[in-house]
Amino acid sequence: MENLLVNEKIADQEATDAMAIADEQIIADLLPQKFGKWGKIWTGFLLAICLLGMYAYYRQLRYGLIVTNMKDYVSWGIYISNFVFFVAISLVGSLITAVFRLANVHWSTPLTRIAEMIAVAAIIFASLIIIVDMGSPERFYNLFTHGRIQSPIIWDVIVITTYFFISILLLFYPLLPDIKILLRFKERSGNALHKFYNYIGSFWKGTPEQFKLSDKAINILCITIIPVAFTIHTVTSWLFATTYRPGWDSTNFGAYFIAGAFLVGSGSVVVAMYVFRKAYHLEKYITENHFEKLGRIVVLLALLYLYFNVNEFLTPAFKMKESESAYLNGLFSGNFSPVFWFAIIIGMILPILILVFKKGRKPLPMFIVGIMVVVGAWFKRYLIVTPTLLHPFLPMHDVPASYRHYFPSWEEWAITCGSLAGALLIITILARIFPIIPIQETITEQHETVK
Amino acid sequence: MEQENNSRRDFLLTGLVAAGLVAGCTPNKDPFEAGAVEAKASGKKVKLLSVDGEVIEVDEAFLKPVPHMPPVSNTEARLGIPGKKFVMVIDLSRCKNLKKCQSACNHAHDLNPGENWIKVDPMQNADHTAPYWEPTTCMHCDEPPCVKVCPVDATFKRQDGIVLIDSDRCIGCRFCMAACPYSTRVFNWGEPEIPADVAAQPYSAETSIPQKKGTVGKCDFCADMTRMGMLPHCVSACPNGVYAFGDLNEDSVTNGAETFRFSDLIRDKAGYRLMEDLGTKPSVYYLPPVSRNFPFESGLENDKLQNK
């Protein structure tokens, strides 16, 4: 522990020195690196989980959703929770990249690409997991041939597709100057990768006109992605809030979901930047100062989310309407109370308590808090879906006993873990192919600071 | 003038009868397909009532049994029967949880074993109020939340008030199940265990047969029966006359044995609908469990079979 602190002090010192890093040094530091031993183990591990998930999905395609433990009452299970989780995480791309850029915040530059990679990976798996949840996925095209605009699902299809393309572009445009740099290192990249870089980015010459055009495009994307990001998660919350059920019938849902989404998204960026910093020795670029600043934002977001939670639960609990009392008691003191209090305490209250202190905003405690936030958020999404479905208006009667409770089957767990591993795999691969920290922007910003 | 009218009628009749004859010769062909074959007159005349209400004479040789109605097309099934507005009245004072309605329904729709479209719930509104049995079907709401949320128009509301499902279009997203406050919808999680010949039939939204893997199912008010002017299976199966079914436009409902003026029944017995506050406007009305025919306890034994 002491060693770590010393190391971090040195890192801090180095961060101050980073001002003077030469351009070539920056490039050498930030070029994508081949997987080391741990990188290979990590990738293999993710691949194995993905393969298991794919096998489980094959079984689901063959036998139907009967391989899950969803039944007529709990007709949505952890697939939908996981979908909400992915949509939530993907929102961070818009926060770190767009909101900060438009607000002229510069310290976040080294984090933008990490955030965008997470956003793209999450939105891809949000789309996939919603197809996994469909009972007849072979009829997916019906959404386009017979789509009805009055259904919130169609709204979701439209905005998620839009968000996906904007996110891809927001990842791609700022990459172009870096690809120009990458193209200089054919030896290092290897033939296949070099060809790939050449294919996607050789048109970029780095002329002032191109920079001007790209800046303009990125600005437009940053402005558009904010309302789209708000819409994707609001619409996702409306999948629940447009129904009558206790726990879903809430006008608070849109704002509540968005607050939660920004929290889990920033939590995931904290985890990712800690891991990348350690794995690729980026202490000069992702400094303690970044953790410090992001820590303050996470505290703010956690407080905001806690506020919406109080709104969401305190007012109905005060009234204890007959239709809602069984549901609310189930959360506060019944079957779901361990998960409920876990999500509130681990996912919100403890992070706030840790991060309000300066010592709590050091990299390692931040990393732990990030994990707490992300894990708490996943279980929070579980609580949003399942308990409500187990408390319908009419009694759960004339059905087999298995219909009256829900615990996911191994196929559901495998597919869910497979999708989480898949998202991590995409992030891992993107980090292998592209610089995790924007090279060109780092150089430009350093020149501006030195001036 | 009279002459002309007559000859036109004759022509129409001949055409119809000839079509029937073709159907008789080649049973595999569509009986309504055009194409005339001469039939030899036998000389024996039969008196018939024409569609205009006039008595006419037709040669016996032209008489053929009318073939069964062809299955309705998807478009017709989606439109419904013009001029009708189907309603159901469930008299809670008559129910003793026999579940004959349920078994008749399950049989008629070839439901997957264990699946029930009709559920009979033991209800007790508050601690000290009397318990009663409450059968629930699909409410065929006039403001159906399920139809509102369906992304592909697989579940739809017809002009005669019936809400049906097109299982050939349903994508299995189950949003309708989440939206329905009456929890009436069921899902075919796996391949339904139904006879192979039933499973091989083309799907009809009016019969809801065959149920298909990965799609939603629910009570269809037996739209095929109502098209034939017959009562839904639950109505005719109930020996206690719990269910009455009919047309709101005719202001009449029947349980098979008794026929009631709908408005009188609802007024005299203080009929109501479930969860009126949600604004779903169900087509199913309930009569309160007063002056009951059976004690609540008489239904308990039967309830244990499915609710352990």
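Predicted model, so just to flag it, every value in this text is computed and none were measured.

Let's talk about the overall build of chain B
Inference 1: If you tally the helices and strands in chain B, you get 10 helices and 13 strands.
Inference 2: In chain B, the share of contacts with a sequence separation of at least 24, taken over all contacts with a separation of at least 6, comes to 58%.

A word on the overall build of chain A
Inference 1: A count of helical and extended segments in chain A gives 19 helices and zero strands.
Inference 2: For chain A, whose C-alpha radius of gyration is 23 Å, the value lies close to the compact-globule estimate of 22 Å for 451 residues.
Inference 3: Considering chain A as a whole, with its 451 residues, one finds that 45% of them fall into the buried category.
Inference 4: The contacts of chain A with a sequence gap of at least 6 include a subset with a gap of at least 24, amounting to 85%.

Details of the sheet that holds strand 10 (residues 243–247) of chain B
To summarise the sheet geometry, strands pair through backbone hydrogen bonds and adopt either a parallel or an antiparallel arrangement.
All names here are of chain B.
Inference 1: Pairing in this open sheet of five strands is mixed, and the strands run 12-11-10-3-13 from one edge to the other. Each edge of the sheet is formed by a strand with only one pairing partner; in this case those strands are strand 12 (259–261) and strand 13 (284–287). Ignoring which end each strand starts from, the neighbouring axes of this sheet average 25 degrees apart.
Inference 2: Relative to strand 12, strand 11 (residues 252–254) runs antiparallel, the two being bridged by three bridges. Along strand 12, the bridge assignment pairs Thr254 with Thr259.

Here we look at the packing of helix 8 (residues 152–172) of chain A against helix 12 (residues 208–241) of chain A
Residues and elements named next belong to chain A.
Inference 1: Interaxial distance between helix 8 and helix 12 falls to 9 Å at its minimum, and their mutual angle equals 145 degrees. Seen from above, helix 8 lies across helix 12 with left-handed handedness. On the side of helix 8, the interface is formed by Pro152, Trp155, Asp156, Val159, Ile160, Thr162, Tyr163, Ile166, Leu169 and Leu170, while helix 12 contributes Leu221, Thr224, Ile225, Val228, Ala229, Thr231, Ile232, Val235, Thr236, Trp238 and Leu239.

Re the environment of A:Asn309
Inference 1: Along the chain, A:Asn309 turns up in helix 14 (residues 288–319).
Inference 2: Here the alpha-carbon distance between A:Asn309 and A:Ala259, two residues 50 residues apart in the chain, equals 9.7 Å.

A look at the interface of chain A and chain B
Inference 1: With 35 residues of chain A at the contact, the number on the chain B side is 39 residues.
Inference 2: Tallying contributions element by element places helix 8 of chain A first for the side of chain A that touches chain B, with three residues.
Inference 3: Grouping the amino acids of the side of chain A that touches chain B by side-chain chemistry returns 19 nonpolar, 12 polar and four charged.

Notes on the confidence of the model for chain B
Residues and elements named next belong to chain B.
Inference 1: Residues of chain B with pLDDT of at least 70 account for 85%, and the chain-wide mean is 87.
Inference 2: Taken element by element, chain B is modelled with least confidence in helix 1 (residues 2–25), mean pLDDT 44, and with most confidence in strand 13, mean pLDDT 98.
Inference 3: Long-range and interchain partners of residues 1–36, a stretch whose pLDDT sits below 50, account for 27 contacts in this model, where long-range means more than four residues apart.
Inference 4: Across the interfaces of the predicted complex, the ipTM metric reaches 0.89, alongside a pTM of 0.87.

Some details on helix 14 of chain A
Residue and element names in this part refer to chain A.
Inference 1: Taking 1.5 Å as the rise per residue, helix 14 with 32 residues should run 46 Å; its terminal C-alpha atoms sit 46 Å apart, in good agreement.
Inference 2: Those residues of helix 14 that fall on the buried side of the exposure criterion are His290, Phe291, Leu294, Gly295, Val298, Val299, Leu301, Ala302, Tyr305 and Pro316.
Inference 3: Buried-residue contacts for helix 14 involve helix 6 (109–133), helix 13 (253–280), helix 15 (322–332), helix 16 (337–355) and helix 17 (363–389).
Inference 4: Of the residues flanking the end of helix 14, it is Met320, one or two places downstream, whose phi is positive at about 50 degrees.

Observations regarding the packing of helix 15 of chain A against helix 17 of chain A
Residues and elements named next belong to chain A.
Inference 1: Following both chains from N to C, one finds helix 15 and helix 17 inclined at 135 degrees, their axes separated by 10 Å at the closest point. Considered as vectors, helix 15 and helix 17 are oriented oblique to each other. For the element pair helix 15 and helix 17, the recorded crossing hand is right-handed. Taking contact as the criterion, the partners of Tyr327, Gly330 and Leu331 in helix 15 are, on helix 17, Leu383, Pro387 and Thr388.
Inference 2: Taken together, the residues that form the contact of helix 15 with helix 17 break down as four nonpolar, two polar and no charged.

Regarding the pairing of strand 13 of chain B
All names here are of chain B.
Inference 1: In strand 13, alternate side chains face the same way, and those of Val284 and Tyr286 on one face and Tyr285 and Leu287 on the other are all buried.
Inference 2: Judged from the four bridges that link them, strand 3 (residues 86–91) and strand 13 form a sheet pairing that is parallel. Residue pairing across strands places Asp91 opposite Leu287, the latter belonging to strand 13.

The rules we used
- Position numbers for residues start from 1 in each chain and track the written sequence from start to end.
- Chains carry letters from A onward and ligands carry numbers from 1 onward, assigned in written order.
- Local features in this predicted model are restricted to residues of pLDDT 70 or higher, and side-chain atom pairs are both shown and tallied only at a pLDDT of 80 or more, whereas totals for entire chains, interfaces and linings draw on every residue.
- In this text, helices come from DSSP runs of H or I with a minimum length of four residues, and strands from runs of E with a minimum of two, each type numbered from the N-terminal end.
- Throughout, a pair of residues is in contact if the C-beta atoms placed from their backbones lie within 7 Å.
- In this description the radius of gyration comes from C-alpha coordinates, and the expected globular size is given by 2.2 Å times residues to the power 0.38.
- Three exposure classes are used, based on other C-beta atoms lying within 10 Å of a residue's own C-beta, which is placed from the backbone: buried for 20 or more, exposed for 12 or fewer, and partly exposed in between.
- By definition, two strands form a pair when at least two bridges between them are found by DSSP.
- Axis lines are fitted through C-alpha atoms, for helices just across the contact stretch, and the angle between N-to-C directions can take any value from 0 to 180 degrees.
- Rotating anticlockwise by less than a right angle from the far helix to the near helix defines a left-handed crossing, while the corresponding clockwise rotation defines a right-handed one.
- Any residue outside Ala, Val, Leu, Ile, Met, Phe, Trp, Tyr, Cys, Pro, Asp, Glu, Lys and Arg is labelled polar, Gly included; the first ten of those are nonpolar and the last four are charged.
- Every residue is assigned a pLDDT by the predictor, reflecting its confidence on a scale from 0 to 100.
- Here the expected span of a helix is defined as 1.5 Å times the quantity of residues minus one.
- Any angle that is under 35 degrees is reported as roughly parallel, and any over 145 degrees as roughly antiparallel; angles of 65 to 115 degrees are reported as roughly perpendicular and all others as oblique.

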